[in-house]
Amino acid sequence: MPLSNAPVAAYAASVESLAECLHEALREPVPSDGVVAGHVRRAADTKAALAAVRVLGPDVFAPALLAGVLPGPLDREAVAEALRAFPVGPGEPVEAIVLAEAQAAVIARPERPDAGTRQHRTDARTLADADWVSFAQCLARMSPLALPGCESAVAELARRRSLDVSRGVVRAMLRRDYPTAARLARWSALVNGRGAAEALRLEPVVAHVVQCGSSSARMALDVAVLQRLSPARQEEG
Amino acid sequence: MSRDEAVERRDLARQVSARALGWLHRNRHLGSFPADTSAELADPDGVYKPLGESALAAGMARRAAGVLPDEENAARALLEFGWDQLRRGDLLYERQLRYPAMTDPLEVYAPFAAAGYRHGRLDGLLAHLTATGSYWAVEQLPNRRLAVANAARLTGLPVDGDWASLTEATWLGRRPEPWLLDWMTAYCMTHTVFHVTDWGRRPHALPDPVVEYLTHWLPVWMEVWAEISEWDLLAELVIVDACLPQPRCTADVWRRLASVQRADGLVPRDGKPVDSGERQAFTDHHHTTAVAVMAGALTLLRDSDAVPVD
């Protein structure tokens, strides 16, 4: 995604705005005209709005995926437009490629998204050998993949290396890097619900991030997603 | 861990420890009491406490004589120097006599006693005082209670209280949120481990849940304090690792410590510049350098129990 010459502030503001819409959609029924589509349609700067859709990766489908319903056609079309506007280039960071592939997978097969493409599996193999710090840093950047229905080799790896994910959460918390802590805690919540050993209690982490973290809408979205991913909530669901 | 990494870890531990001990030995005169020092010790942290730390480091180097053979003379000389400074134990005796409720004479005495330096009248006084209820009722932080208990154990005195309840009373004993550990509490945590395991002599003395807790989070604490160049705390965390049933410290941690050690052996306490005056440098960095001796010696002593090579 060619962001190097982009008006970064406008793009960042659009990411916050879309994250807020998505967070709202986690609490309320998804509007009939779609969350993502509505965000793009209402935006004064369409290009920035489409960039925001790409930045948030599969999180743009979080309300649908967490509710266990298919993303609506308007939202799928808006994401397809964003992928056309900002195609993944060969020089992109691997996380950007993975997140774009996951978005494309949801669009192509909304009933059973499978992000486990060839590229993905290659990355998982590379990640499997990374030390815990590099592993956790990479996973934090791929946190929009930590969603039910967004199956991936990375998610399986996170389950197998759940202690390293927890170590990443603890490191981020000690560094007071609450956005990273929230992103990694999403992976912990996801894999804890899939039988991984629970080394770290997430409830106090979440409470601390809420109390001490910034007012970023994106972080609030991460926290809301991870609360819905906690094993207790999954059992209720 | 690969075989190469295990060899590198061992080599670096030996190098850092030997150089640090050399620095403590060569600069020992900077840690001398003023001529008119009495048992009141207006500034106990100035000379008195570092003498105890040097004795502890030297004692550990002697324990590791099998793997640090070239350092035995320096270790012995350092213990001799410290014991001379304490007037062959008279100063400790006079201080304990003057202040019956104070525990520091026993704590400073312990590493000397463990190395064979005994003072008959002090032994008698301590046997009497530690038999009183008052000695164990002195108000202290839980990890400090363990320090006194272990000093008594090292000196051959009975300990009032059981180790399990003493451990449970500490921060570490409760195994709280590992992300709320702050710098000061980290030192309390390291000392809990040092005293319960008697500086690695009893690596199985910690309760299993505490060992699991440390195995989970020690790598994180090492990483975050290394990132901000807190070398003193990092070296203490390496000792904690070496006190566990199966040490896991990586060669990378030793690379970091070795990279900041000066050619003369001084290990700086943090990332700030070292004062050019030798006396100030000794005051500032004596503790870290002593801790580096211990970390290296214990790493070598526990090497056969460390996580197996691939």
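Residues numbered from 1 in each chain as written. Chains lettered and ligands numbered in written order. Predicted model: local features only at pLDDT ≥ 70, side-chain atom pairs only at ≥ 80, totals over all residues. Heavy atoms only, no water.

*Asks:* Is there a simple way to explain the overall build of chain B in this structure?
*Replies:* Each helix and strand in chain B was counted, giving 15 helices and zero strands. Its C-alpha radius of gyration of 19 Å places chain B within 12% of the 19 Å reference for a compact globule of 310 residues. For chain B, the spread of C-alpha atoms along the principal axes amounts to about 55 × 45 × 35 Å. Buried residues in chain B amount to 55% of all 310 residues. (Helix = DSSP H or I, 4+ residues; strand = E, 2+ residues; numbered from the N terminus. Rg over C-alpha atoms; globule rule 2.2 N^0.38 Å. Buried < 20%, exposed > 50% of the residue type's maximum accessible area, 1.4 Å probe, protein only.)

*Asks:* Any chance you could explain the interface of chain A and chain B here in plain terms?
*Replies:* How big an interface is tends to be stated in terms of the accessible area lost upon association of its parts. Listed by partner, the interface residues are 15 residues for chain A and 14 residues for chain B. Summed over the three residues of chain A that lose the most area to chain B, namely A:Arg167, A:Val170 and A:Leu174, the buried surface amounts to 39% of that side. Viewed at the interface, chain B and chain A are joined by two salt bridges. The closest approach of N and O atoms between A:Arg175 and B:Glu227, which form a salt bridge, is 2.5 Å. Where chain A touches chain B, the interface holds four residue pairs in polar contact (both at pLDDT 80 or more). Elements represented by at least two residues in the side of chain A that touches chain B include exactly α8 (132-141), α10 (162-174) and α12 (202-212) of chain A. (Contact = heavy atoms within 4.5 Å. Buried area = accessible area lost by both parts, 1.4 Å probe. Salt bridge = Lys/Arg side-chain N within 4 Å of Asp/Glu carboxyl O. Polar contact = N/O pair within 3.5 Å; in protein donor to acceptor, adjacent residues only side chain to side chain.)

*Asks:* Explanation requested: the pattern of salt bridges in the structure shown.
*Replies:* Side chains that differ in charge, positive against negative, can pair when their charged atoms come close. Counted according to the given criterion, the structure contains 36 salt bridges over all chains. A:Arg167 is the salt-bridge partner of A:Asp164, the closest N and O atoms lying 3.2 Å from each other. Of this pair, A:Asp164 and A:Arg167 both sit in helix α10, three residues apart, which is roughly one turn of that helix. Residue B:Arg269 pairs with B:Asp284 through a salt bridge whose shortest N-O separation is 3.9 Å. You can see B:Arg269 sitting in the loop between α14 (251-260) and α15 (278-301) and its partner B:Asp284 sitting in helix α15, a full 15 residues away along the chain. Salt bridges here are not isolated pairs; linked through shared partners, they connect B:Glu8, B:Glu223, B:Asp252, B:Arg255 and B:Arg256.

*Asks:* Got a minute to help me understand the packing of aromatic side chains in this structure?
*Replies:* In this description, a pair of aromatic rings is defined by centroid distance and the angle of the planes. All names here are of chain B. Scanning the entire structure with this criterion turns up 12 aromatic pairs over all chains. Their ring planes at 75 degrees and their centres at 5.6 Å tell us that tyrosine 135 and tryptophan 136 sit as a pair that is edge-to-face. Here tyrosine 135 and tryptophan 136 have matching classes, each one buried. On the basis of an interplanar angle of 25 degrees and a centroid distance of 4.7 Å, the ring pair of phenylalanine 194 and tryptophan 199 is categorised as stacked. On the basis of relative accessibility, which here comes to 1%, the residue phenylalanine 194 falls in the buried class. Chaining the aromatic ring pairs together yields one cluster made of Trp83, Tyr109, Phe112 and Tyr117. Stacked on the ring of tyrosine 93, the Lys or Arg arginine 121 has its end atom at 5.0 Å from the ring centre. The ring centre of tryptophan 163 lies 3.9 Å from the NZ or CZ of arginine 153, which sits over that ring. (Phe/Tyr/Trp six-rings, centres within 6.5 Å; stacked < 30°, edge-to-face > 60°. Lys NZ or Arg CZ within 6 Å of the ring centre and 35° of its normal.)

*Asks:* Teacher, can you tell me more about the nonpolar core here?
*Replies:* Here is a general trend for soluble globular proteins: nonpolar side chains tend to be buried in one another's company. Residues A:Trp187, B:Leu86, B:Leu214 and B:Trp221 are the most contacted members of the largest nonpolar core, which totals 182 residues. When residues in this core are grouped by element, the largest group, 12 residues, is from helix α12 (residues 208-227) of chain B. (Core = buried A, V, L, I, M, F, W, Y, C linked by side-chain atoms within 4.5 Å.)

*Asks:* I would appreciate a short explanation of α8(A) in the present structure.
*Replies:* Since the α-helix packs 3.6 residues into each turn, any two residues three or four apart lie on the same face. Residues and elements named next belong to chain A. The buried fraction of α8 is high, at seven of 10 residues. All of the buried residues in α8 are Trp132, Val133, Phe135, Ala136, Cys138, Leu139 and Ala140. The backbone nitrogen of valine 133 lies 3.0 Å from a side-chain oxygen of the residue at the head of α8, namely aspartate 131.

*Asks:* Is there a simple way to think about unusual backbone geometry in this case?
*Replies:* What is expected of a backbone is that most residues other than glycine have negative phi and most peptide bonds are trans. If you check the backbone angles, A:Arg176 has positive phi at about 55 degrees while not being a glycine. Secondary-structure assignment places A:Arg176 in the loop between α10 and α11 (178-192). On the basis of relative accessibility, which here comes to 65%, the residue A:Arg176 falls in the exposed class. Phi is positive for B:Ser229, close to 60 degrees, though the residue is something other than glycine. For B:Ser229, the position within the fold is in the loop between α12 and α13 (231-242).

*Asks:* Just checking my understanding: could you explain the environment of A:Ser162 for this structure?
*Replies:* Residues and elements named next belong to chain A. Note that serine 162 resides in helix α10. Assessed through its relative accessible area of 10%, serine 162 is described here as buried. Sequence separation of serine 162 and serine 188 is 26 residues, and the distance between their C-alpha atoms is 6.7 Å. Residues within four places of serine 162 in sequence aside, it is in contact with Val191, Ala196 and Ala197.

*Asks:* What should I look at first to understand the state of the cysteines in this one?
*Replies:* All names here are of chain B. Per the counting criterion, the structure on display carries zero disulfides over all chains. Summary of cysteine pairing: cysteine 188 is not part of a disulfide, and the nearest cysteine sulfur, belonging to cysteine 243, is at 16 Å. Considering cysteine sulfurs only, cysteine 249 is the nearest to cysteine 243, which forms no disulfide, with 12 Å between them. In this structure cysteine 243 comes out as buried when scored by relative accessible area, which is 0%. (Disulfide = S-S within 2.5 Å.)

*Asks:* Just checking my understanding: could you explain the packing of α10(A) against α11(A) for this structure?
*Replies:* Helices that pack against each other are described as a pair by the angle of their axes relative to one another and the distance between those axes. All names here are of chain A. The interhelical angle for the contact between α10 and α11, taken along N-to-C directions, is 155 degrees, at an axis separation of 8 Å. In terms of orientation, α10 and α11 fall into the roughly antiparallel class. Classified by chirality, the crossing of α11 by α10 is left-handed. From α10, Ser162, Val165, Ser166, Gly168, Val169, Ala172 and Met173 reach across to α11, where they touch Tyr178, Thr180, Ala181, Leu184, Ala185, Trp187, Ser188 and Val191. Residues belonging to the contact of α10 with α11 are distributed by class as follows: 10 nonpolar, five polar and no charged. (Axes fitted to C-alpha atoms, helices over the stretch in contact; angles between N-to-C directions. Parallel < 35°, antiparallel > 145°, perpendicular 65-115°, else oblique. Left-handed = near helix turned anticlockwise from the far one by under 90°. Nonpolar A, V, L, I, M, F, W, Y, C, P; charged D, E, K, R; others polar.)

*Asks:* Would you take a moment to explain the confidence of the model for chain A for this structure?
*Replies:* Summary statistics for chain A give a mean pLDDT of 88 and a share of 88% for residues scoring 70 or more. The lowest-confidence element of chain A is helix α14 (residues 231-236) of chain A, averaging 53 in pLDDT; the highest-confidence one is α10(A), averaging 98. (pLDDT = per-residue confidence, 0-100.)

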